[in-house]
Amino acid sequence: MIAWIGGRAVGYDDVGEGDVVLFLHGFPHRRSLWTSQLSALRDRARCVAMDLAGFGESAGEEVYSIDRYADDAAEFLDYLRIDRAVVCGLSMGGYVALSMIRRHARRVRGLVLMDTRAAGDSPATIEKRREMMRLARDRGAESVADVMIVGMIGKSTRAKCPEVVDMMHGMLSSAPVAGITGALEAMLSRPDATPTLQEIVVPTLVVVGEEDVLTPVHEAEFLHQNIRGSRLEIVSGAGHVPNVERSAAVNHLLSEFVASVVLS
Ligand code: MLT
């Protein structure tokens, strides 16, 4: 579906009824990253997945930032007349979820931080992102997908499920170049979210694939140690996208967590 917000298109899916879970994808994904979660959770919650600006069916921004994505998410909740949601963000989507805590805390009823981190970029990471921007502009999204795909998927999934690798490679390859470069600019300029962790007072689930090499387990442990009352779940046999690689296990965790937030 498409929402027109302030004259700009936002692609989204909205299924199920009741308490709301807002799903925010990572880089360079689109909302179909969450297909399995929407199917599994729609009987117990209203599941809303949006394309971040410049990805999927969403229009791009003039200036990209993680805070702008967070403001877009809050405006999107306004559009759907949703007051509060459990916000579930993967990787870059987790950066956006933490920005929502900074800028729109009242809208966040619970938090799922999946394969993400609090810290901002190091100078070396910023330089790598600038290289990736050049690659995207010069050689297109498929070259970015070729570089990223190994880190995106855990070694067990790569060995056992080549169809998952192909599916994710297809998703990465189809990302618009302007969305890719915009998101890279947004990520490299984002603030360190470590101080924000102390501000989190809503129930929080931290999830990470055991084989994640992009946002490794120690990043999730840091989140868990610094977010009061949070729960940490390490998904074995999965890399950076455990919701795709081990969807049944992640769906079970999410389903339990959403039920607990509703009761809290
Ligand atoms: C993502 O999956 O969103 C990215 O790996 C995040 C990042 O590059 O920091």
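Since the model is a prediction, treat every value here as computed from it, not as a measurement.

### A few points about the pairing of strand β7 (residues 204-209)
Line of reasoning, step 1. The buried count for β7 comes to 6 of 6 residues, which makes it a mostly enclosed element.
Line of reasoning, step 2. Burial along β7 is two-sided: T204, V206 and V208 and L205, V207 and G209, pointing in opposite directions, are all buried.
Line of reasoning, step 3. Sheet topology note: the strand β6 (residues 108-114)/β7 ladder contains 4 bridges and is parallel. Its bridge partner being in β7, L111 is matched across the sheet by T204.
Line of reasoning, step 4. After leaving β7, the chain enters helix α10 (residues 217-226) and then returns to the sheet as strand β8 (residues 231-235), a path that is right-handed.

### Some points on the environment of S173
Line of reasoning, step 1. Note that S173 resides in helix α7 (residues 162-173).
Line of reasoning, step 2. Considered as a pair, S173 and T204 are 31 residues apart in the sequence and their alpha carbons are 32 Å apart.
Line of reasoning, step 3. In this structure S173 touches A141, E142 and A145, once residues within four positions along its chain are discounted.

### Focus: the environment of A136
Line of reasoning, step 1. Topologically, A136 is positioned in helix α4 (residues 123-139).
Line of reasoning, step 2. Each C-alpha atom of the pair A136 and T181 lies 7.1 Å from the other, and the pair is 45 residues apart in sequence.
Line of reasoning, step 3. Excluding residues that lie within four positions of it along the chain, A136 makes contacts with V144, V177, I180 and T181.

### Some words on the packing of helix α2 (residues 66-79) against helix α3 (residues 92-104)
Line of reasoning, step 1. It is at 8 Å that the axes of α2 and α3 come closest, and there the two elements cross at 70°. Considered as vectors, α2 and α3 are oriented roughly perpendicular to each other. Counted together, I66, D67, Y69, A70, D71, A73, A74 and L77 of α2 and M92, Y95, V96, S99, M100, R102, R103 and H104 of α3 form the full contact between these two elements.
Line of reasoning, step 2. For the contact of α2 with α3, the per-class residue count stands at 10 nonpolar, 2 polar and 4 charged.

### Some thoughts on unusual backbone geometry
Line of reasoning, step 1. With an omega of -15°, the peptide bond running from F27 to P28 counts as cis.
Line of reasoning, step 2. On the secondary structure map, P28 appears in the loop between β3 (20-24) and α1 (35-41).
Line of reasoning, step 3. Even without a glycine there, the phi angle at S91 is positive, about 55°.
Line of reasoning, step 4. By the secondary structure assignment, S91 is in the loop between β5 (85-90) and α3.

About the criteria used
- Numbering of residues starts from 1 in every chain and runs along the sequence as written.
- In view of the model being predicted, local features appear only for residues whose pLDDT reaches at least 70, and side-chain atom pairs are presented and counted only at 80 or more, with totals across whole chains, interfaces and linings using the full set of residues.
- Side-chain figures throughout are based on the complete set of non-hydrogen atoms in the structure, without hydrogens or water.
- With a 1.4 Å probe rolled over the protein chains alone, any residue whose accessible area is under 20% of its type maximum counts as buried; one over 50% counts as exposed, and the rest are partly exposed.
- Numbered from the N terminus, helices here are DSSP runs of H or I no shorter than four residues, and strands are runs of E no shorter than two.
- Any two strands with at least two DSSP-identified bridges between them are counted as paired.
- Here a crossover is taken to be right-handed if, once the strands point away from the viewer, the path from the first strand over the helix to the second is traced clockwise.
- Pairs of residues are marked as contacts when any of their non-hydrogen atoms sit within 4.5 Å.
- Axes here mean lines fitted to C-alpha atoms, for a helix over just the part in contact, with angles spanning 0 to 180 degrees between N-to-C directions.
- When describing relative orientation, an angle under 35 degrees is termed roughly parallel and one over 145 degrees roughly antiparallel, while 65 to 115 degrees is termed roughly perpendicular and anything else oblique.
- Side-chain classes are defined by residue name, with Ala, Val, Leu, Ile, Met, Phe, Trp, Tyr, Cys and Pro counting as nonpolar, Asp, Glu, Lys and Arg as charged, and the others, Gly among them, as polar.

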